[in-house]
Amino acid sequence: MEMPITNKNEQVSMKFVTLVSIVSALGGLLFGFDTAVVSGAVGFMEDRFDLSKLQVGWAVSSLIIGCIVGAAMSGILGDRFGRKKVLIAAATLFIISSIGSAVPDTFSAFIVARIIGGIGIGITSTLCPLYNAEIAPAKYRGRLVALNQLAIVTGIFLTYFVNLWISGSGDEAWGIASAWRWMFGVGAIPGLLFLILLFFVPESPRWLIKQRRAAAALPILLRIHGEELAKKEVIDIKHSFEQESGSIRQLFSPGLRIALIVGVGLAVLQQVTGINAVMYYAPEIFKATGAGTNASLIQTILVGFINLLFTLVALWLIDKVGRKALLLVGSASMTICLIVIGIAFQTGHAAGPLVLIFILLYVASFAISLGPVVWVIMSEIFPNRIRGKATAIAAMALWAADYLVSQSFPPMLSSAGPAATFWIYGGMALLAFLFTWRVVPETKGKSLEEIEALWAK
């Protein structure tokens, strides 16, 4: 990730900001782990607990119920107690959930543990990118916030390897009895690492100023911007708070209403284009093309690798070409890929390499566009005083859409068939293209206060 440095002070400040952003983005690693681990475990759990197809969907989507709750709470909690303290609580919930998901003897106890973990993930998915946006210089904010998405896909990628290694450590009977427990249990390790490192990062300077603690915020801003820009930033942030009521009703005022539409619209469209159906059920999709269990897991790892690789490309491009251009190119490419995948299933050509190739192209297209860019835009478009609450609303919409997709995918696949299912997702990708083209503004290179002023115009 190249960052041109103009002087020594900027180099020092960028090292500080990047390190802090990486720690915060570890929340995304937990997000990635928890959403991907179930893909390797659910087959074993289906046999262990004799699950129906509806229960298989519930095993996957119960996490998301917790995510919806966590996202809904994150804004209020983050605004009241600060970003850092609430993230520490979320990391603790994740550790509890990882252990709780590994030890249950009943399916109901497993579901409770997953919902607890979901609450933690809902909080981190909202507050980690928001925290990074509030601490990053405008010039590099896109890629620093997108570090969260890089951490998510890294978590997904590593989890596929962990699942493959664990599942290969014993026979089928061992897998049904124990493998899935180890898959969930290892999540406590990154959770503990995230918890420890959070104690070494500062609080968000914008939140401190909101609490009338400008004296505590200034040293942090000095390390980010240097003396001259830091003082200007304090004045700008204070001024933005003076102009705002802090009420959610403010989001429904002329101008800011569009910000809400953009945030919620992109959040929903990110999910209804089907990405998490592919991520959660990748092994089952590849089995439907005729691949065996091991081959399907290896192909799933390939999906994770492409996701990781093209997220790195997105980090390189997002502050160069801008948010809107990436969204347009990515959503157009996703539309084409999903249509071709549907045609392959419809015409009986799914058994060859065609489906794998276009699923990889689809994942690559998502990884340079809707994947990282949506989280960046959600974290930067809302006014300072209500950013926590407003971002929580958008994140809650995202997780609700994710729940809808993950719960509906298995029955859709069995009733409507794979061709119709992928065509529906293709229609949603086309809608994402049109929505971006007509409604989404470019925010590249603007400070958070400048973006706020943009809506007023």
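These remarks concern the structure in this document.

1. Quick look at the packing of helix 11 (residues 256-272) against helix 17 (residues 387-415)
Here is step 1: At a minimum axis distance of 8 Å, the contact between helix 11 and helix 17 shows a crossing angle of 25°. The orientation of helix 11 with respect to helix 17, classified from their angle, is roughly parallel. Note on packing geometry: the crossing formed by helix 11 with helix 17 is right-handed. Facing Leu260, Gly263, Val264, Ala267, Val268, Gln270, Gln271 and Val272 of helix 11, the residues of helix 17 in contact are Ile393, Ala394, Ala397, Leu398, Ala401, Asp402 and Val405.
Here is step 2: Across the contact of helix 11 with helix 17, the residue classes tally to 11 nonpolar, 3 polar and 1 charged.

2. Looking at the packing of helix 14 (residues 323-347) against helix 15 (residues 354-367)
Here is step 1: Across the interface, helix 14 lies against helix 15 with an axial gap of 8 Å and an inter-helix angle of 160°. On the basis of their axis angle, the class for helix 14 and helix 15 is roughly antiparallel. In the packing of helix 14 onto helix 15, the handedness of the crossing is left-handed. Across from Gly330, Ser333, Met334, Cys337, Leu338, Val340, Ile341, Ala344 and Phe345 in helix 14, the residues of helix 15 making contact are Leu354, Val355, Phe358, Ile359, Leu361, Tyr362, Ser365 and Phe366.
Here is step 2: A breakdown of the residues in the contact of helix 14 with helix 15 according to their chemical character gives 14 nonpolar, 3 polar and no charged.

3. Structural notes on the pattern of salt bridges
Here is step 1: One pass over the full model with this rule turns up 11 salt bridges.
Here is step 2: In this structure, Asp79 and Arg83 form a salt bridge, with 2.8 Å as the shortest nitrogen-oxygen distance. For the pair Asp79 and Arg83, a shared accessibility class is recorded, and that class is buried.

4. Overview of helix 16 (residues 370-380)
Here is step 1: Burial within helix 16 is extensive, with 11 of its 11 residues counted as buried.
Here is step 2: When helix 16 is considered as a whole, its buried residues turn out to be Leu370, Gly371, Pro372, Val373, Val374, Trp375, Val376, Ile377, Met378, Ser379 and Glu380.

5. Quick word on the nonpolar core
Here is step 1: In this structure, Phe184 and Trp399 are the most contacted members of the largest nonpolar core, which totals 143 residues.
Here is step 2: Every residue in contact with Trp399, bar those within four places of it in the chain, is listed here: Phe31, Thr35, Ile64, Cys67, Ile68, Ala71, Ile121, Gly122 and Ser125.

What counts, and at which threshold
- Residues numbered from 1 in each chain as written.
- Predicted model: local features only at pLDDT ≥ 70, side-chain atom pairs only at ≥ 80, totals over all residues.
- Heavy atoms only, no water.
- Axes fitted to C-alpha atoms, helices over the stretch in contact; angles between N-to-C directions.
- Helix = DSSP H or I, 4+ residues; strand = E, 2+ residues; numbered from the N terminus.
- Parallel < 35°, antiparallel > 145°, perpendicular 65-115°, else oblique.
- Left-handed = near helix turned anticlockwise from the far one by under 90°.
- Contact = heavy atoms within 4.5 Å.
- Nonpolar A, V, L, I, M, F, W, Y, C, P; charged D, E, K, R; others polar.
- Salt bridge = Lys/Arg side-chain N within 4 Å of Asp/Glu carboxyl O.
- Buried < 20%, exposed > 50% of the residue type's maximum accessible area, 1.4 Å probe, protein only.
- Core = buried A, V, L, I, M, F, W, Y, C linked by side-chain atoms within 4.5 Å.

Geometric descriptors of this kind do not, in isolation, establish any biological role.
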